[in-house]
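Listed below are the residues making up each chain.
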Amino acid sequence: MLILAAQYLPDIEYVARLIAAGDDYIIDCGEHYIKRSPRNRTRIMTANGTLDLTVPLIKANRPRTPMHTVQIDYSTPWQHQHWVALKSAYRSSPYFDEIAERLEPFYRGRYDNLVEYNLALLRVLLDFMGHTAQLKTTTEYVTATAEDTDLRPKHRTTTFTTPHYFQLFSDRIPFAENLSILDLLMSEGPYAVDLLNSCLLQ
């Protein structure tokens, strides 16, 4: 079974493995929050290189905080900052207009709960690729076995190789591995799923 965390604008490996898993996966919303991880952080490509975007949280540093209880902090204008960064990075991409129309509401409205926000974003991105199956989640911690593929650890070894696609600014910036799925979608649109299906997964 594939075990996933609820990530913010998840990386390419996450989505590739999710699609490949069929029904044999679970998104663990009962795990403990891990700071400085993809649970509230994503990486995009900009004209100046890669950039991390982080969703601020309320008291998430408390030990053993279950992910499904983590709340988003709106005391700073992070939504505006993220949206400006996304527009600046991708406005010249082939599929920007189509994707931006779906994403913009997430940077104007409020989701108090981080997991709900992350999962709603993920559903929109998967739907754009034609993957409309309902997400499988649990609020009970999932204990991985030796047969499982567990993507939750912050530091882990992976054999995943990012499929090569056209990245903006590639004329002056080397190809960056495993960015947010947004980077791939902005260039390939719904055809991104064909590249993901061709990935060699462990």
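Refer to the structure printed above.
Bear in mind that the values here come from a model prediction, so they are computed numbers and not experimental data.

Colleague: What should I look at first to understand helix 5 (residues 181–188) in this one?
Modeller: The α-helix advances 3.6 residues per turn, and as a result positions three or four apart in sequence lie on the same side. Summarising burial for helix 5: seven of the eight residues are buried, a large majority. Where helix 5 is buried, its residues touch helix 1 (12–21), strand 3 (41–46), helix 2 (78–90), helix 3 (96–103), helix 4 (114–128) and helix 6 (192–197).

Colleague: I tried to follow the packing of aromatic side chains on my own but got confused; where do I start?
Modeller: Each aromatic ring pair is characterised by the separation of its centres together with the angle its planes make. As enumerated under the stated definition, the model contains eight aromatic pairs in all. Ring plane angle 20 degrees and centroid distance 6.1 Å describe the contact between Tyr8 and Tyr117, whose orientation is recorded as stacked. Taken as a pair, Tyr8 in the loop between strand 1 (2–4) and helix 1 and Tyr117 in helix 4 lie far apart in primary sequence, 109 residues in all. Exposure class is identical for Tyr8 and Tyr117. Each is buried. Members of the aromatic cluster, joined through ring pairs, are Tyr8, Tyr74, Trp78, Phe106, Tyr111 and Tyr117. Lying over the aromatic face of Tyr74, Arg110 brings its terminal NZ or CZ to 4.1 Å of the ring centre. The ring of Tyr25 carries Lys136 above its face, with NZ or CZ at 5.7 Å from the centroid.

Colleague: Mind showing me how you'd approach the pattern of salt bridges here?
Modeller: Where charged atoms of side chains with opposite charge meet at close range, the side chains can pair. Counted by the stated rule, this structure contains ten salt bridges. Put simply, Glu104 and Arg108 hold a salt bridge, and the shortest N to O gap is 2.6 Å. Owing to a relative accessible area of 27%, Glu104 belongs among the partly exposed residues under this scheme. Judged by relative accessible area, which is 61%, Arg108 ranks as exposed. Through salt bridges that share partners, Glu13, Arg17 and Arg156 make up one connected network.

Colleague: Just to check I follow, could you spell out the packing of helix 3 against helix 4 for this structure?
Modeller: Helices that pack against each other are described as a pair by the angle of their axes relative to one another and the distance between those axes. One way to put it is that helix 3 packs onto helix 4 with a least axis distance of 10 Å and a crossing angle of 150 degrees. One way to sum up the angle between helix 3 and helix 4 is to call them roughly antiparallel. As helix 3 runs across helix 4, the sense of the crossing is right-handed. Between helix 3 and helix 4, the contacting residues are Glu98, Ile99, Arg102 and Leu103 on the first element and Leu121, Val124, Leu125, Asp127 and Phe128 on the second.

Colleague: Explanation requested: the nonpolar core in the structure shown.
Modeller: Among soluble globular proteins, nonpolar side chains are generally buried collectively. Counting residues in hydrophobic clusters, the biggest one holds 68 residues, and the most contacted among them are Tyr8, Ile27, Tyr90, Tyr107, Met129 and Leu196. The leading source of residues in this core is helix 4, at ten residues. Once you skip the residues sitting within four places of it in the chain, Tyr107 turns out to touch Tyr8, Leu9, Trp78, Gln79, His82, Trp83, Leu86 and Tyr117.

Colleague: I tried to follow the pairing of strand 2 (residues 25–28) on my own but got confused; where do I start?
Modeller: Side-chain positions along a regular strand alternate between the two faces of the sheet. Neither face of strand 2 is open: one carries Tyr25 and Ile27, the other Ile26 and Asp28, and all of them are buried. One crossover worth recording links strand 1 to the parallel strand 2 by way of helix 1, and it is right-handed. Of the pairings in the sheet, the one linking strand 2 to strand 7 (residues 137–138) comprises two bridges and is parallel in character. Along strand 7, the bridge assignment pairs Ile27 with Thr137.

Colleague: Just to check I follow, could you spell out the layout of surface pockets for this structure?
Modeller: Gaps left between atoms are located by rolling a probe of water-molecule size over the structure's atoms. When its volume is computed, the largest pocket comes out at roughly 640 Å³. Forming the walls of the largest pocket are 29 residues, and the residues nearest its centre are Gln7, Asp11, Pro38, Lys154 and Asn178. For the lining of the largest pocket, the elements supplying multiple residues, two or more each, are helix 1, strand 3 and strand 4 (49–54). The element contributing the most residues to the lining of the largest pocket is strand 3, with three residues. Tallied by class, residues from the lining of the largest pocket come to nine nonpolar, nine polar and eleven charged.

The rules we used
One numbering rule holds for all chains: residues counted from 1, following each sequence as written. Local features are withheld for residues below a pLDDT of 70 in this predicted model, meaning they are given only at 70 or higher, and side-chain atom pairs are given and counted only at 80 or more; totals for whole chains, interfaces and linings count all residues. Heavy atoms throughout the structure, all of them, feed into the side-chain values; hydrogens and water do not. Buried, partly exposed and exposed residues are distinguished by accessible area as a fraction of the type maximum, computed with a 1.4 Å probe on protein chains only: under 20%, between the cut-offs, and over 50%, respectively. Numbering of helices and strands runs from the N terminus; a helix is a DSSP stretch of H or I covering at least four residues, while a strand is a stretch of E covering at least two. Contacts are residue-level and defined by heavy atoms, with any inter-residue pair within 4.5 Å sufficient. In summary, the pairing rule links any two rings of Phe, Tyr or Trp, Trp by its six-membered ring, whose centres are within 6.5 Å, and it sorts them by plane angle into stacked for under 30 degrees, edge-to-face for over 60 and tilted for everything else. Think of it as a cone above the ring: NZ of Lys or CZ of Arg counts as a charge over the ring if it is within 6 Å of the ring centre and within 35 degrees of the ring normal. Take a side-chain nitrogen of Lys or Arg and a carboxyl oxygen of Asp or Glu: if they are within 4 Å of each other, that pair is a salt bridge. Axes here refer to lines fitted to C-alpha atoms; in helices the fit is confined to the stretch in contact. Angles between the N-to-C directions go from 0 to 180 degrees. Any angle between 65 and 115 degrees counts as roughly perpendicular, while under 35 counts as roughly parallel, over 145 as roughly antiparallel, and the rest as oblique. Two helices that cross are described as forming a left-handed crossing if the nearer one is turned anticlockwise from the farther one by less than a right angle, and a right-handed crossing if clockwise. What is meant by a nonpolar core is a set of buried Ala, Val, Leu, Ile, Met, Phe, Trp, Tyr and Cys residues, joined one to another through side-chain atoms within 4.5 Å. The path from the first strand over the helix to the second decides the hand: if it runs clockwise while the strands point away from the viewer, the crossover is right-handed. Only strands joined by at least two bridges in the DSSP assignment are considered to pair. Here a cavity denotes grid points, spaced 1 Å and computed from the protein atoms alone, that fit a 1.4 Å probe unable to get out, and a pocket denotes an open set having protein on both sides within 12 Å along at least 5 of 7 lines; residues with an atom within 4 Å of a point are the lining. Grid points are joined across faces, edges and corners, and a volume is the space filled by probe spheres set on the points. Under the scheme applied here, ten amino acids are nonpolar (Ala, Val, Leu, Ile, Met, Phe, Trp, Tyr, Cys and Pro), four are charged (Asp, Glu, Lys and Arg), and all others, including Gly, are polar.

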